[in-house]
Amino acid sequence: MSQIDEIKNLINIEDLVGETVKLRRTGKNYIGFCPFHANTRTPSFVVFPESGTWRCFGQCAEGGDVFSYLMKRDNLDFQQALAVLAQRAGVKLESFTREDSSRKQTEESLHQLIEDSIAFYHNLLMQSPAGKTALAYLHGRGLQDETIRQFQLGYAPDSWNAVIDHLLSLNYSRTQLIDTGMASEQRDDKGDPVADGRIYDRFRNRVMIPIRNAAGKAIGFGARILDPNDVPKFLNSPQTVLFDKGATLFGFNFAKSAIRERSQAVIVEGYFDVITLHQAGFPNTVSSMGTAIGANQVKLLTRQSKNIVLALDADEAGANATLKGIEVLRDAIRQEGRLDADIRVTTIPEGKDPDEIALRDPAEWQSILDNAKPIVIFMMETAARGQDLQDAKVKSQIAATVLPLIEEVSETIEREVYRQQLADFLSIDARLLRFDDPNKRTVKRRSSRFTAPETSVVVPKEKAVMDSMTAVSRREVFILNYMFHFYPTPGSIAKIDRTLRQRRLAPISRKDFESSEMRQIADCYFDSLDQDENPDIFTYADQNLPESIRPLYETAILPKPVVEMTQDDIEKEMLRSIVLLRRSKNRDRIREAQALQNDDPAEQKNHAELTEIFGQLLLEKKKLDHLLEALEFGNKKNNDD
Ligand SMILES: [Zn+2]
């Protein structure tokens, strides 16, 4: 048994949940109000001690095991949850490999190096005569000393060696200074670093803004000029082992709990906007690192709240919306579906900055937030501003801008509603707004060579790992196995998603993987899709998979299936596996809901809710059955050819 399974067996899930949720026993199970969505009317959160799982039958429609529960409740990553539960269960975790622990140590000392730099700059700002101008600048922007201390703002003196001398005196090495981006290297004519060349302070005569990761660890700096003649206005630390710009949100470590409490995250553009808004009573504010909003950033936020408001500058989102503005929205809309977020957009009136507004009149900022609109509606209204809507040319122009965005919406119903709204907006027939659907064209496919039943696909080194798995977990392994080895392109995934959506089923997502270990591996896959360059999924998994997941990964995912498949086969098999997986889960859900009903026949209060739950589950079952039938039928036809 793996240590993870051992811990699952030792922890009583009802005790863990019972710490913060009032649970009522119903037969074998427990029921209470879901801690992850706002509800006070009907208890929809069920704990199943026998399987060690939990499930919200309400709004969240999500479930999992002790690990996912603790991760969600206390905002931990898997490794942290594992450590907490291992201690609680009295299980001594096998130590990590030497390589891994030495990497951790290296990173720890780099965090500490930046932490020491933060203290150095902060002291200069608050105490030295050289920092006076910088401090006056910050006061001039309306920042109070308490805020300056909270964010540990600092001052980098106008010197080529102030911080590097300080860090070297603390026994940090030259390499560490370069690796953290605190020192720049002398470069030759071609721009390559000179071996053992001079190194010098990257940040000179600037206001220093420490950047921290979600856990609050120091990872880099943003730095603003004090002399208006200097360029660039803002200089960030470079991308380093610690600082991944695409996965970082400035202010998030301070904003986390406020985002959860207010059930809303606000993304603004600048560091000072974040700092000032926190001071002005909007601590649920963060900013991205100047790039578009990435999936990893949205993911950080959706763990706290699904509701995200994007506050854009008026000029950027304005009437002749710039390409960058549209790209930001397109990225946002993609992630909205994938990460199940509700992203809204609001604009800041032209010529104004969020920090000015917040300092002058917090109520005005609140009303700007209250004005946020769903992305598509926002796009429509923006594209139409100042245009003559009677003009046919204008109509087709607006449709051409907005339709591609609507196509990115993952929910079929939502998409249709948007299409109808666009049609009403332009006073045209919604049918005119339909894209040609490539799936409806019939393509004669060559018959599939892949006929092996799916159980023969995975050949784990240790059969026992698979044997102890539930049917659902085994199916999850099959799908992950396909995803890793045949690596369906994002295009293939999109194709599969389209088929699912046509049947009003949710697209493939992380949510399809429910046991915590499997979810970690699936996260690896989806995260690697979000990387900039061509992702190498095995390397990515190597670097990012928690050590404790490796045994499962190596025995179940790494062995290559012994079948030959065409791209077409892969798509078909993945789709079929997803449907089968969801059917198994659907069956489990129905059984769980039945158990609840049988447990408590006298309890009539839940009756209406249960009926509704059954209705939804049965509807999903019908859709899945139909799709499966269509897939099997298609197969048979192919074989008869
Ligand atoms: Zn819930």
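You'll find the structure just up there.
Cut-offs applied
Residues numbered from 1 in each chain as written. Predicted model: local features only at pLDDT ≥ 70, side-chain atom pairs only at ≥ 80, totals over all residues. Pairing = 2+ DSSP bridges. Helix = DSSP H or I, 4+ residues; strand = E, 2+ residues; numbered from the N terminus. Axes fitted to C-alpha atoms, helices over the stretch in contact; angles between N-to-C directions. Core = buried A, V, L, I, M, F, W, Y, C linked by C-beta atoms within 7 Å. Buried ≥ 20, exposed ≤ 12 C-beta atoms within 10 Å, placed from the backbone. Domains from an automatic or database assignment. Parallel < 35°, antiparallel > 145°, perpendicular 65-115°, else oblique. Left-handed = near helix turned anticlockwise from the far one by under 90°. Contact = placed C-beta atoms within 7 Å. Nonpolar A, V, L, I, M, F, W, Y, C, P; charged D, E, K, R; others polar.

A. Main features of the sheet that holds strand 15 (residues 342–348). Here we have five strands laid out as an open sheet, ordered 13-12-14-15-16, and mixed in their pairing. Bordering the open sheet on either side are strand 13 (285–287) and strand 16 (373–374), each of which pairs with just one other strand.

B. Looking closely at the sheet that holds strand 1 (residues 24–26). Strand order in the open sheet formed by five strands is 1-2-3-4-5, and the pairing between neighbours is antiparallel. Of all strands in the sheet, those bounded by a partner on one side alone are strand 1 and strand 5 (62–64). Averaged over all pairs of adjacent strands, the angle between their axes in this sheet comes to 20°, without regard to strand direction. By the bridge criterion, three bridges tie strand 4 (residues 53–56) to strand 5 in an arrangement that is antiparallel. Within strand 5, the position partnered with R55 by the bridge is G63.

C. Structural view of the nonpolar core. Counting residues in hydrophobic clusters, the biggest one holds 89 residues, and the most contacted among them are M208, I375 and V402. Sort the elements by how many residues they give to this core and helix 5 (residues 98–127) lands first, with eight residues. When residues of this core are sorted by domain, at least three fall in each of domain 2 (111–186 + 195–243) and domain 3 (261–433). If you look at the next biggest cluster of nonpolar residues, it comprises 29 residues, including A522, I549, L552 and I578.

D. Geometry of the packing of helix 3 (residues 66–74) against helix 4 (residues 78–89). Running from N to C, helix 3 and helix 4 point in directions that differ by 110°, and their axes come no closer than 9 Å. Accordingly, the angle class assigned to the pair helix 3 and helix 4 is roughly perpendicular. Classified by chirality, the crossing of helix 4 by helix 3 is right-handed. Contacts between helix 3 and helix 4 involve V66, F67, L70 and M71 on the former and, on the latter, F78, A81, L82, V84 and L85. The residue inventory of the contact of helix 3 with helix 4, partitioned by class, reads nine nonpolar, no polar and no charged.

E. Geometry of the packing of helix 23 (residues 516–529) against helix 24 (residues 537–544). Packing of helix 23 against helix 24 brings their axes to within 9 Å, and their N-to-C directions diverge by 120°. Relative to helix 24, the element helix 23 lies oblique. For the pair helix 23 and helix 24, the sense of crossing is right-handed. Facing C524, Y525, D527 and S528 of helix 23, the residues of helix 24 in contact are I537, Y540, A541 and N544.

F. Representation of the pairing of strand 14 (residues 307–313). Counting buried positions along strand 14 yields five of seven residues, so the element is predominantly enclosed. Here three bridges tie strand 12 (residues 265–268) to strand 14, and the two strands are oriented parallel to one another. Paired with A265 across the bridge in strand 14 is I308. With seven bridges joining them, strand 14 and strand 15 adopt parallel strand pairing. The residue bridging L312 from the neighbouring strand is T347, located in strand 15.

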